[in-house]
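Chain by chain, the residues:
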Amino acid sequence: QVQLVESGGGLVQPGGSLRLSCAASASGSIASINDMGWYRQAPGKQRELVAVITRGGTSNYADSAKGRFTISRDNAKNTVYLQMNNLKPEDTAVYYCNARIILSYFWGQGTQVTVSS
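All values derive from a computational prediction rather than experimental measurement.

Calculation criteria
- Residues numbered from 1 in each chain as written.
- Predicted model: local features only at pLDDT ≥ 70, side-chain atom pairs only at ≥ 80, totals over all residues.
- Heavy atoms only, no water.
- Helix = DSSP H or I, 4+ residues; strand = E, 2+ residues; numbered from the N terminus.
- Polar contact = N/O pair within 3.5 Å; in protein donor to acceptor, adjacent residues only side chain to side chain.
- Contact = heavy atoms within 4.5 Å.
- Phe/Tyr/Trp six-rings, centres within 6.5 Å; stacked < 30°, edge-to-face > 60°.
- Lys NZ or Arg CZ within 6 Å of the ring centre and 35° of its normal.
- Pairing = 2+ DSSP bridges.
- Axes fitted to C-alpha atoms, helices over the stretch in contact; angles between N-to-C directions.

**Some words on the side chain of Thr79**
Along the chain, Thr79 falls in strand S8 (residues 79-84). Engagement of the side chain of Thr79 in a polar contact is seen with the backbone oxygen of Lys77, the distance being 2.8 Å. Residues within four places of Thr79 in sequence aside, it is in contact with Cys22, Ala23, Met36, Ser72, Arg73 and Asp74.

If you want it as structure tokens, here you go:
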């Protein structure tokens, strides 16, 4: 079983920045992680994709994230990052990390991001 642990969430003012991290670990060795991504879920809304990155580094973003967020990963550390700039109140949500290993998907516990003055 693979565990994903997110960190980096918090309270930030509009226009501010945050960097989320998500590290994958397991009791044994981890097979190569394919896609890694970030999703978010705001109160009363469905979980939505924010950004995803392949093992080779190809990334895709939701329209709401383009130009403001950057996803990256360190394959040696089994870690994915999400740099979020120019944050807006509508970015407030619980952010979840996701990882795909072959046909299995794993989720982190989520980290709260609140954008408010």
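**Remarks on the packing of aromatic side chains**
Centre distance and the angle of the planes are the two values used to describe a pair of aromatic rings. The final tally for this structure, using the stated rule, is one aromatic pair. Between Tyr39 and Trp107 the ring centres are 5.0 Å apart and the planes differ by 65°, which places this aromatic pair in the edge-to-face class. Of this pair, Tyr39 sits in strand S4 (residues 36-41) while Trp107 sits in strand S10 (residues 104-107), placing them 68 residues apart in sequence. Its end group placed over the ring of Tyr81, Arg19 keeps NZ or CZ at 4.1 Å from the ring centre.

**Digging into the pairing of S4**
Pairing of S4 with strand S5 (residues 48-53), which is carried by five bridges, proceeds in the antiparallel orientation. The residue of S5 that forms the bridge with Tyr39 is Leu49. Linkage of S4 to S5, two consecutive antiparallel strands, is achieved through a turn of six residues, within which Gly44 is found at a positive phi near 80°. Pairing between S4 and strand S9 (residues 93-101): six bridges, direction antiparallel. Pairing of Gly37 across the sheet is with Asn98, part of S9.

**Looking at the sheet that holds strand S1 (residues 2-7)**
The four strands are arranged S1-S3-S8-S7 in an open sheet whose pairing can be described as antiparallel. The sheet is open, and its two edges are formed by S1 and strand S7 (69-74), each paired on a single side. In this sheet, adjacent strand axes meet at a mean angle of 15° when their direction is disregarded. Note: S7 against S8, six bridges, orientation antiparallel. Paired with Phe69 across the two strands is Met84, which belongs to S8.

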